[in-house]
Each structure stands twice: as C-alpha cells, then as structure tokens.
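# Descriptive structure summary
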Amino acid sequence: MSLSALCDYRAVKDLKLLLKKERSDCVSSSSRDDDSTLQNPGTHSSILDENTKSDSCIQEGKSKSIKLCFSDGKSRIDYILVYRKSSSQSEKREVFERNIRAEGLHMEKEASLTNSDVIFLKLHAPWDVLCRYAELMNIRMPFRRKIFYMHRRHKFLSRMEKRINQFRGWLPRKPMKFDSNTLPYLEENESFTAPFSRSRIHHFIIHNKETFFNNATRSRIIHHILQRVKYEEGKNKMGLNRLLSNNSYEAAFPLHEGWYHSKNSIRTHGAENHRHLLYECWAWWGVWYKYQPLDLIRRYFGEKISLYFAWLGWYTGMLFPAAVVGLLVFLYGVFTLEHCPVSKEICQATDIIMCPICDQYCPYLRLSDSCIYAKVTHLFDNGATVFFAVFMAVWATVFLEFWKRRRAVLAYDWDLIDWEEEEDEVRPQFEAKYSKKERMNPISGKPEPYQAFTDKYSRLLVSASGIFFMILVVIAAVFGIVIYRVITVSTFAAFGWALIRNNSQVATTGTAVCINFCVIMLLNVLYEKVALLLTNLEQPRTESEWENSFTFKMFLFQFVNLNSSTFYIAFFLGRFTGRPGAYLRLINRWKLEECHPSGCLIDLCMQMGIIMVLKQTWNNFMELGYPLVQNWWTRRKLRREHGHHTMANLPQWEKDFHLQPANAYGLFDEYLKMILQFGFTTIFVAAFPLAPLLALINNIIEIRLDAYKFVTQWRRPLPSQAKDIGIWYGILEGIGILSVITNAFVIAVTSDFIPRLVYAYKYGPCAGQSQSAEGCMMGYVNASLSIFRVSDFERRSQPRTNGSDMFEEAVRFCRYRDYREPPDSAEPYSYTLQFWHVLAARLAFIIVFEHMVFAIKTLIAYLIPDLPKDLRDRMRREKYLIQEMMYEAELERLQKEKREKKKGRVHHKEWP
C-alpha cells in the first residue's frame, strides 16, 4: 500500500472513531444542527436552539406570539394553502385534500381573523414522508465530515506566506467581511453529501429528526407532492398549479420564519430566526458595504435565488475596475481640456459663421458659440476613448469567464455539480390542446400529448411574424421621435425665451429623450402582453420551454425598445441630411436633423445619461416603492377595520398572506433589468465612460433593495434548485459580441477620432512626419468645415434674416460640417479627396479594431479554464474519499452483522 493510500485509510479510520464518539454524545445531550448558526457564540441562546422534537415550535411560540406550528404545539407548519369558502371549486378541493392525506401529510384548517371567508390550510410533512420523498427526489444530505489536507509546500513559499500573513496582521480587519466574534458563523456545515437513502440512513448525520431536513427542503418536498396529487378522476387532472389557475386555491406559499425585527440587538441576544438574521446581515441598509451571506440566503430561499444574488454581487464587484477606469478616462478629459487644440480652435473661431441648422427660423451662428459643447464633447471623446473601448470589451470577457469559475465553486459548495433538473411536466394548456393525439415519451416511457410538425412550425412562423411586427412598431416609434426632433428644433429656435432660443438643439435633444423614455415605459407594458400572447400561441410543451421562449421575446422587445433611439443617434443622426441647398427631407417636407457644430457625440451622451438615470430610478421605485405602498395600504385598511390589538396578534400565516405575492415569472424581472443595464454599460461605453460608474452605484443600491423586498415585502418564495443562470448567460455572451461591433462603429463613425488622425498624419502641419505634437492639430476645425454660398439656399430653407443684425452686414458665405468642394470650384459641393481618405480610414479601423478585440477575447477565454485547478483537485479527492468511506462503512456493517449472528449462535448453545 502506498504512503498516500495508507494516510487516507488511517484518516477514514480516525473519522469513523470521531463520528462514533459524536453519535454517543448525541444520546446523552443532543447537538445542534445547521440551524444552530443562529446562536451567537458567547451570548444568550437563540430561539432556534433545538433540544427536543417540538422545541422550535415552543420557543417560537414564546417569542412575540409567533406561531409556526399546529395547534398541538409540536407539528411545524411546512406549507400554507389559502382558499375561500365561497369558491365554486369545493368538490375538486375536497378530492385534492383527501388525496393529500393519503400521501401521509398532516393537515389543519383555521379561519382568518380578518376575513371569515378565507380559510388557511396548514400542511406538515412527518418524518417518514420526508424520508420517502427525499429518496425519490435524490436530495443530497450530509453523511460524513470533510477532512482537509494541507498540500506540501516548498520552504521558500512557506516563508513567503508567513511574511505575508505577518504583514496582513498589521493592516486593519477587512471591513467587508462579517465579524465572526459578534455575528453567527455563516459557512455551511462542511460535510460530504450523498443522495438520501432509507436503506443507508445509518450513514447520514442525524442529530435531530425535526431539523435534519431544513425548512427550504421540507417546503420543496411538500410542493413536489402537491404537484402530483390528483383533484379529479382522469389521467392529467392533478397538480397544485392547475388548482391555483382555476381559483380552487387563492394562494400557496411556505411560511416566513417569524418577524424580521427585534427589540434586542443581534450582537448581544442573537438572532430570533433566520429571517431576522437575514435582515440584520443582508437586507438592512447599515450593512450595504458587507459581502452577502450567500449560505444563509441559500438556506432560506434556495439555490436559485441565492445564485441570482451571487451573480449580481459578482457583477457589481467586477464593475469596480470598469468604473475606476471609466472615471479616469473622464478625468483625463477634464485635465487635458485646456490643452485640447480642437476645442481651443472652436472657442477662438469668432470669425467663422455657421449655416442655420433648421429651415427659416434658425439664425446664423458663430462657431465660437458652441465653445461649451466642444469642451463637454472632449470630456467623452479624447485620446483615452479607444483604450477604454478595448478595455471594456476585454472586461466583458473576463467577467463572463471568471463568473463561470465562480459558479463552478458555488455549485460544488452547494452540491449542485451532479444535479440535473427533473424532467419537466407537460403544461396543462398543451395537454388540453393536443390530448387527442399521443405518443410515447422516450424518457419516461409513458404516453403524452403530441404536437404535429406542421402545427408546431406554423405556430412558430406566426410568432416570428408577430415579433417582426412589434420591432416595426419600435421603429415607427423612433420615426415619430425623429419627426418630433425635426419639428421642435424650429419651434425652439423661434421661442420667446432667450435661453431656449439660444440652446434650441440641446432643448430639442433633452425633451426628445424624456418623451422617448415615456414611450419606452408605455411600450414595455404592451410588449409584456404581446410576448405572453405569442408564447401561448406557440404552445410550448413544458414549463422550461415556455419560460425560455418568453424570456427571449421579452429581452428582444425591451432591448430593441430601449436601444433603438440610441442606435439612431449614434449611427444615423446627421449622416444622411444632405448639404445646404440640397437637403434630404422626410416625405419631401421635413429637413432631417443635423448634428451640433461640435459633433453628434454630445447628443449620444445625453441620450445614454438621461435614459440610464431615469430607467434605473423608475425601476428602483417600482421594485420597492410599489410593494411598500401596497403593504402599507393593506395594513392601514385592516387596522381601521379590526383594530390594533387584532393586527398585533395575527398569526404568521395571515401576516404572510397580506404581503405581496412573489413575482409570477420568478426572477425574470430581476435578471432582465440587470441584463439590459449590462448592455447599456458595454454597447455604447465608448461614448459614455461614466456608464459603469452609474451602474455600480445603482447595483450597490439594487442588492439591498432586492434583499429588503425578499425578506420584508414579499411572501416567502418557494425554494428551488438551479446550478446556473440559464438562458441569460447566452444573452450576456451575445451582448459582449455586439458591444465590440458597436463600440468600433461609435469610435469610427460617431466620434471625431478617425478624422483627427487622418488630418494629423495627412493634411496637418505634421503631415509626412513621424512625430506627433500638440501643434499637429492646428487648423483641423477649419479643414473639417466646408463653404456654402448663401444665395444657393433653397427657397424653403432660406433664413428669415440675412444676418446683418448679428454681423453688421449680410452674410454671403457660411460653413457646415462636411468635406466638400467650395462653390466656385469646377465641381461645386462635390466630395473632396479628404472625405474618401477619412471614409477609408474609418472602414479600416472598424476591421482592425474588431479583429484585434475578438482575438484578445478568444485568447482570454481560452487561457482561463472553466474550473479552478484547486476545485478540480478537491472534486477528485472527494470522489475518492467518498468511495473509501462508503466501502469502509458497508464493510463495518457486514462485520457487525456477522459478529451478532455468531454471538447469537453461541448464546443458543449455552441455553439449550
């Protein structure tokens, strides 16, 4: 036997002796299980210090009269069903409840204290039912303590690690971590787990039968049972979801574990329940800078919700470097503002007269009047913009690749590596539609409804047509905004208020963005209804297929709705307007809007900044403000009808019933707004470097808003399992690819980065030289403006004033942004050679930028493995140790049985 194998064998032996001692200790004095983390070390006992079967109910019953058990004070409530006596579905409900009893669940009914028509049905799963279904559902439970081995390190590395630890000791404690001396230990119990088996129940660590299965697991088991109980005679007449949809039951939810507030401090008296602990350590605003207690969230809400908060926390943490770099790029623009030759030239161009930007009402302007806008543009469009665009493209790849590693670690810690989602049940709507035609399911071997190929793809074709039509509706809305901008800029130019008149283009952009935001929010309501209609029209077979189809449609609708105007401003505004004297017009009537003399980037910045701030503010208000107002109004109404005494003595199930129900689409809305924000943060980040900073500030608030909402304002959602974020990861990858393309076009087309480079190296004072200096950009503004003869204006574009009131004499020539020949050349107003050089440079930059960034992204994705090396080693080690432990435990059991048989035979011989 090798040395390592001998060490492993001895470790297993020592482990078994330790476990025997632990179990013998449990006989004399019971130990605490996972719930014991609620007790503070060195403080008073928590109310969840469980010593007997019914201690949890008794202790909780003493605290604030919170009742979490049946009237006998022993059976804990695992699930609540709510119905009305006046409901017409009483027969189905009676059959359903009779079958619930047949499954072994305990039931108790109690009328509401505030509404005699409302009945609460309390459900409790006894030990044998929990064991039976835990085995059927392959729920993993702890059966052995983990043993950790320190890898042998080189002496030099050991000395270095010792020095680093000494240096860390001089530094202050990490403020973002919880203090283990004053708050409960948040780590999960380090144990090997295996699918539960009643035949091998002696292998599992069972200190207390009442707490071996935690509350989240008990709720999942009961929900699994309720989904398979029949309510009518028939092949498919089963499941709680169908009874909720036909109003047989009004609500179904697991209970919150008491109240989240306490008069006593958690640091001195400990937490009263898991909800109180979560509030103090997670949902309370005072801990906004702390890491999230993911293990506690998982224990209370399940893996799916905990995984969302893990992803949100990871995304927020990764935004820190992006926000810092974006802020540095912005500050670079601030500090180099006084040294920018382009903005200097614009501010000093008092003798350059610009052509009017609209028909008739817009006056001639000096180029120097746009001095402020030129300086603001430099803050976002400077030499660091290209670097930041490349950085954000790489950042998006690093974020996704390291999230895969983080997700793998969480899946390992939460025993989800080998977890596979159960085969989805067929949706009731699908069964009702296609019940006449059946075929054998290849997985379950049971007959199920079948949808014909032609029917399926004809429905998909109609659905795709509906999606295309709704995208056309978005384009129509953008077209309406464009018409508004075209009409309003002339209106503001003739406005009586000088401030509006002198800043007509900025006023037009600002009001257009606000109107666009209102249109976006109104269309979002319409899109949700259309997405539901189209998804139901497709008739997906299972719930997961329905969810993926609905998710894709809603994301596509809202993404196009949110970004269509931004795409227009970035790539179309001012590109197809024509020139003075030959403007392109909408419906041969309205002249298309031009960019500001300082460029179109300022319009794009305003669009992104206003939309991002307004949408995030609105989302946060609707996310927390709406449930708060609803719950406050419900409490106020009940207090006026039944008095303060009744409200103070309401049982926990009635308090939870009056909270807002969890979102019908699960975490869909939470993911959607974050994915849309991720798109805003990456797709046009070259035009708005402060987007990551705004996203970071919003997400720090968002985490605590979501936590507060889940803990205090919503009913407790059903805990469910998941090992990844599902279809959202593919959407994130798609956004990362799109961001590279859009940022390449923003830098090449929207900003003046490429025209400046072409001028500096081809037409400027330093043309043909290898050096680059500040003086190389002298004359750039004049070279980027073309000359127009005022007498060549169209009649409907002719300004009402000839400019003599502003410039002392009539204006004969004006300038406009373009590269065209002067009016007295051989080919007047035709494109110059510089135009074609700039166009070629822009196309070359797009190709080079995209290929370079995609190459970097691919290389980074290749170099970063999906599984950390230490995690891979731990998984292999655990697999080996589990095999050894199971073998040793089974061998010990067989030897014990053999000794007992042998002892029995000797005993029989002594007593004939």
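All figures in this text were calculated on a predicted structure; none of them were measured in a lab. (Residues numbered from 1 in each chain as written. Predicted model: local features only at pLDDT ≥ 70, side-chain atom pairs only at ≥ 80, totals over all residues. Heavy atoms only, no water.)

### Considerations on a nonpolar patch on the surface
Nonpolar side chains collect at one region of the surface, where Tyr763, Tyr831, Leu833, Trp836, Leu839 and Leu843 lie side by side and expose about 580 Å² of accessible area between them. Residue contributions to the nonpolar patch peak at four residues, all from helix 29 (residues 833-863). On the secondary structure map, Leu833 appears in helix 29. Since its relative accessible area comes to 56%, Leu833 is described here as exposed. (Patch = residues over 30% accessible without salt bridge, like charges linked within 9 Å, V, L, I, M, F, W, Y side chains within 5 Å. Areas by Shrake-Rupley, 256 points an atom, 1.4 Å probe, with all protein chains shown as cover. Salt bridge = Lys/Arg side-chain N within 4 Å of Asp/Glu carboxyl O. Helix = DSSP H or I, 4+ residues; strand = E, 2+ residues; numbered from the N terminus. Buried < 20%, exposed > 50% of the residue type's maximum accessible area, 1.4 Å probe, protein only.)

### Comments concerning the packing of helix 12 (residues 303-335) against helix 14 (residues 371-380)
Contact geometry for helix 12 and helix 14: axes closest at 7 Å, N-to-C directions at 145°. Contact residues: helix 12 offers Val329, Phe330, Gly333 and Val334, while helix 14 offers His378, Leu379 and Phe380. Of the residues assigned to the contact of helix 12 with helix 14, the class counts are five nonpolar, two polar and no charged. (Axes fitted to C-alpha atoms, helices over the stretch in contact; angles between N-to-C directions. Contact = heavy atoms within 4.5 Å. Nonpolar A, V, L, I, M, F, W, Y, C, P; charged D, E, K, R; others polar.)

### Some remarks on the packing of aromatic side chains
Enumeration according to the criterion identifies 54 aromatic pairs in this entry. When the centroid spacing of 5.2 Å and the interplanar angle of 45° are considered together, the rings of Phe550 and Phe668 count as tilted. Taken together, the residues span a long stretch of sequence, with Phe550 in helix 20 (residues 543-571) and Phe668 in helix 23 (residues 668-683) at a distance of 118 residues. Pairing Tyr831 with Trp836 gives two aromatic rings, centres 6.0 Å apart and planes at 75°, and the pair type is edge-to-face. When its relative accessible area of 36% is taken as the criterion, Tyr831 is described as partly exposed. Classification of Trp836 as partly exposed rests on a relative accessible area of 45%. Between the NZ or CZ atom of Arg716 and the centre of the ring of Tyr300, over which it lies, the distance is 3.8 Å. When the ring centre of Tyr831 is taken as reference, the NZ or CZ atom of Arg820 above it lies at 4.3 Å. (Phe/Tyr/Trp six-rings, centres within 6.5 Å; stacked < 30°, edge-to-face > 60°. Lys NZ or Arg CZ within 6 Å of the ring centre and 35° of its normal.)

### Some words on the nonpolar core
Nonpolar side chains tend to gather and get buried jointly when the protein is soluble and globular. Core analysis: the largest hydrophobic core is formed by 151 residues, its most contacted members being Trp282, Phe301, Trp311, Tyr315, Trp395 and Phe849. Counting residues per element, this core draws most heavily on helix 12, at 15 residues. Beyond its immediate chain neighbours, meaning those up to four positions away, Trp311 contacts Phe399, Trp403, Tyr671, Met674, Ile675, Ile725 and Leu732. Leu105, Met107, Met137 and Ile225 belong to the second-largest nonpolar core, a separate cluster that totals 38 residues. (Core = buried A, V, L, I, M, F, W, Y, C linked by side-chain atoms within 4.5 Å.)

### Topic: the pattern of salt bridges
Counted according to the given criterion, the structure contains 23 salt bridges. Among the salt bridges present, the one from Glu97 reaches Lys109, with a minimum N-O distance of 3.0 Å. Of this pair, Glu97 sits in helix 3 (residues 90-102) while Lys109 sits in strand 2 (residues 106-111), and the two are 12 residues apart along the sequence. Across the salt bridge formed by Lys673 and Glu702, the nearest N and O atoms sit 2.8 Å from each other. Here the residue Lys673 occupies a position in helix 23, and Glu702 occupies one in helix 24 (residues 691-713), the gap between them amounting to 29 residues. Overall, the relative accessible area of 1% leaves Glu702 in the buried class. One network of salt bridges, with partners in common, ties together Glu670, Lys673, Glu702, Asp706 and Lys709.

### Focus: the confidence of the model for the chain
Residues at a pLDDT of 70 or more form 83% of the chain, whose mean pLDDT is 79. Across residues 1-56, confidence stays below pLDDT 50; counting only partners more than four residues off in sequence or on other chains, it has 101 contacts. Residue range residues 148-155 is modelled with pLDDT below 50. Its contacts to residues more than four positions away, or to other chains, number seven contacts. (pLDDT = per-residue confidence, 0-100.)

### Some points on helix 10 (residues 274-283)
Burial within helix 10 is extensive, with nine of its 10 residues counted as buried. All of the buried residues along helix 10 are His274, Arg275, His276, Leu277, Leu278, Tyr279, Cys281, Trp282 and Ala283. The N-terminus of helix 10 is capped by Asn273, whose side-chain oxygen sits 3.0 Å from the backbone nitrogen of Arg275. (Polar contact = N/O pair within 3.5 Å; in protein donor to acceptor, adjacent residues only side chain to side chain.)

### Here's the deal with the side chain of Arg716
You can see Arg716 is positioned in the loop between helix 24 and helix 25 (727-750). Relative accessible area serves as the criterion here: at 3%, Arg716 is assigned to the buried category.

### What about unusual backbone geometry?
Positive phi, normally seen in glycine, also occurs at Asn247, with a value near 70°. Residue position: Asn247 is located in the loop between helix 8 (240-245) and strand 6 (251-253). Positive phi, close to 65°, is recorded for Tyr829, a residue that is not glycine. Here Tyr829 lies in the loop between strand 16 (813-817) and helix 29. Here Tyr829 falls in the buried class, since its relative accessible area comes to 7%.

### Points about the state of the cysteines
Applying the stated rule across the entire model yields three disulfides. Residue pairing for Cys347: its cysteine sulfur links by disulfide to Cys371, the two sulfurs lying 1.9 Å apart. A torsion of 80° about the S-S bond marks the disulfide between Cys347 and Cys371 as right-handed. Separated by 24 residues along the polypeptide, Cys347 in helix 13 (residues 341-348) and Cys371 in helix 14 bring together distant segments of the chain. Judged by relative accessible area, which is 22%, Cys347 ranks as partly exposed. One disulfide in the model links Cys355 with Cys814; its S-S distance is 1.9 Å. On the sign convention where negative means left-handed, the S-S torsion of about 85° between Cys355 and Cys814 marks this disulfide as right-handed. With a gap of 459 residues between them, Cys355 in the loop between strand 7 (353-354) and strand 8 (365-366) and Cys814 in strand 16 connect regions that are remote in the sequence. Judged on exposure class, the residue Cys355 and its partner Cys814 are both buried. (Disulfide = S-S within 2.5 Å.)

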